[in-house]
Amino acid sequence: MTEKVKLKWNGKDIEAVKGSNLLQAALDNGQEVAHYCYHAGLSIAGVCRMCMVEQDGVPRPFPACNATCGEGMVVRNDTPKIKAAVENTLQFHLLNHPLDCPVCDQAGECGLQDYYMKHGQYDSQMIDKKVHKEKVQDIGKNVMLDAERCILCSRCTRFTEEVTKTFELGILNRGDHAEITVNEELKNDYAQNLVDICPVGALTSKDFRFKQRVWFLEEVYTTCIGCETGCSVKVSQNKNGAYRVKPVFDETVNGHWMCDDGRQIYKHVSSPTRLQVASENMNGLFVPADELNIKEAVKGKKAKFILSTSLTNQEYERFFHEVGSKAEVALYTLPKLGADFDGILKRGDKNANLRGAEHAFKKAGKDSTPAALDKLLNSIGSSDVVYVVVPEILYNEDHFNTLLTKIEKASMRIALTPGETLSSMKVFNYLLPVPSFLEKEGDIVNFSGDIRKLNAGLSYGETTKDISYYGNWVNV
Ligand code: SF4
Ligand code: SF4
Ligand code: FES
């Protein structure tokens, strides 16, 4: 059993695991402690000197991030001595900092901005000319470096050494000429975590920069559907759309990180080319369609459904309950991409809810194997209507297009899509919009059998309808 210890922080009793990190224990107990270099997912550097504390019986202040919790410790970071130490350190961090918050993408979520506002240090103490370093450097993988905003906390270099072990970044030179050096362009698949962990605006995301101010965004906590790992994430969005995806700490699945592929999963949701209304193919052009006409067009035809693996457990259940148990149904699975597992988080199986789909098919007495899909495709005839639920993220469009060439024999082809209209979709007579992962509540099951939650944010596809709604048209 984990041994707990009792200690006092600023006069308040707190409890922590014996030997655990003192700074983390204070944060976990709701105490405010300034810190830049400490990150729970990285080794201790103790370089920013912002988390200083005094302890009864210890002659000199020390950084809390480099100390461990012991029974009976009496610690304070609210004494005049510590407050002066933190303010002096802050001044030091600000000496050469450009303080260009109005044009900095980190404004509103910047540790440096928060503390200089709190300590009233709006004006630089520097009487000499500031040392200027290179701004706006593209260092690869969607990451931009502004060297003069860097406070040399070393979180980024430790990340590339300890997490990805790719060593692209380092710190070169000394004193006020010390700066982040890019040994080689970022090449690892987790590079955008650097933007998250940089406590200031030195590392920003090319994708997100200047698109939105963070105070105009709301966050939806949900699950990444980029692969079968199912990382916990939050999507920043407002009524105009979704703007970025960030990881949420989840001890059991993704820890502090997510991969760069997962950062892209929101793009189709508020894309201007996303299908918004039921549409009809008029000589290769999709124009808004009347649902009554579609219902008429499918009347008397034999329905065949090809489902994707990006539906929720609840959607499968509703579908099989309302229509699927009586119709011919098969499952399209995305092909594997890359290694089975990259050793950090990413998995080659991109079918976010394969396990949920397999379970639902089995429960409904249906076959979810590729052989069953082949059988359905081979049986397609001219009196059939084939419904294809388009996977939410198509990593390999060619593979999906091959499927589409096999449904051409059906006289009526209908796609139910949560995303954009692809050129290959001209094979369909009708396109119907269905909710994206950001517009529905429900569960998916990840690679290890864990239930992961999808939470709905704002709705962009105003006219989307659940797939079982369309299923009810079918004369089965
Ligand atoms: S770039 Fe950011 S994360 Fe890296 S050392 Fe500078 S401040 Fe820290
Ligand atoms: S590892 Fe998979 S689930 Fe996690 S962020 Fe990457 S794509 Fe998403
Ligand atoms: S957070 Fe403790 S020294 Fe930086």
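On a predicted model such as this, the values are computed, not experimentally measured, just so you know.

A. The arrangement of the overall build of the protein chain in detail. Counting secondary structure elements, the protein chain contains 11 helices and 22 strands. Summarising its shape, the C-alpha atoms of the protein chain cover approximately 85 × 55 × 35 Å along the three principal directions. A buried classification covers 55% of the 476 residues belonging to the protein chain. Partitioning the intrachain contacts of the protein chain with sequence separation of at least 6 by distance along the chain shows that 65% fall at a separation of at least 24. When the 57 basic and 63 acidic side-chain charges of the protein chain are each reduced to a single mean position, those positions are 2 Å apart.

B. Here's a closer look at the pattern of salt bridges. Applying the stated criterion across every chain, the model contains 29 salt bridges. We note a salt bridge from D196 to R263, for which the minimum N-O separation is 2.7 Å. Taken together, the residues D196 in helix α5 (residues 193-197) and R263 in the loop between β13 (241-247) and β14 (279-282) connect sequence positions 67 residues apart. K453 is paired through a salt bridge with D443; the nearest N and O atoms lie 2.7 Å apart. One end of the pair, K453, is in strand β22 (residues 451-454); the other, D443, is in strand β21 (residues 442-445), with 10 residues separating them in the sequence. According to the relative accessible area criterion, D443 is buried, its value standing at 12%.

C. How the structure looks around the environment of N401. Secondary-structure assignment places N401 in helix α10 (residues 397-405). For N401, a relative accessible area of 22% gives the class partly exposed. Considered as a pair, N401 and M425 are 24 residues apart in the sequence and their alpha carbons are 8.5 Å apart.

D. Just the sheet that holds strand β18 (residues 384-389), in detail. Judged by pairing direction, the sheet is mixed, and its 7 strands sit side by side in the order β15-β14-β20-β19-β18-β16-β17 without closing on themselves. Strands at the two margins of the open sheet, each flanked by one partner only, are β15 (285-288) and β17 (328-331). Looking at each pair of strands side by side, their axes are set apart by 25 degrees on average, direction ignored. Of the strand pairs in this sheet, β18 and strand β19 (residues 412-417) are connected by 5 bridges, and their pairing is parallel. Following the sheet pairing, V389 is matched in β19 by L416. Set on the sheet, helix α9 (residues 370-378) makes contact with β16 (302-307) and β17; between it and β17 the angle comes to about 130 degrees.

E. Region of the structure containing the sheet that holds strand β5 (residues 74-76). If you trace the 5 strands from one edge of the open sheet to the other, you get β2-β1-β5-β3-β4, paired in mixed fashion. One side of each edge strand has no neighbouring strand; the edge strands of this open sheet are β2 (12-17) and β4 (62-63). Of the pairings in the sheet, the one linking strand β1 (residues 4-9) to β5 comprises 2 bridges and is parallel in character. Its bridge partner being in β5, W9 is matched across the sheet by V75.

What counts, and at which threshold
Counting from 1, residues in each chain are numbered in the order their sequence is written. Written order determines the labels here, with chains lettered from A and ligands numbered from 1. Residue-level local features of this predicted model are given only where pLDDT is at least 70; pairs of side-chain atoms are given and counted only at 80 or more, and the full residue set underlies all totals for whole chains, interfaces and linings. Heavy atoms throughout the structure, all of them, feed into the side-chain values; hydrogens and water do not. A helix here means a DSSP run of H or I that spans at least four residues, while a strand means a run of E at least two residues long, and both kinds are numbered starting from the N terminus. Three exposure classes are used, based on accessible area relative to the maximum for each residue type with a 1.4 Å probe and protein chains only: buried under 20%, partly exposed in between, and exposed over 50%. Here a residue-residue contact requires only that any non-hydrogen atoms of the pair lie within 4.5 Å. A residue counts as positive if it is Lys or Arg and as negative if it is Asp or Glu; His and the chain ends are not included. Taken as the charge location is NZ of Lys, CZ of Arg, CG of Asp or CD of Glu. By definition here, a salt bridge exists when the distance from a side-chain nitrogen of Lys or Arg to a carboxyl oxygen of Asp or Glu is within 4 Å. Strand pairing is defined by DSSP finding a minimum of two bridges between the two strands. Lines fitted to the C-alpha atoms define the axes, with helices restricted to the stretch that makes contact. Angles between their N-to-C directions range from 0 to 180 degrees.

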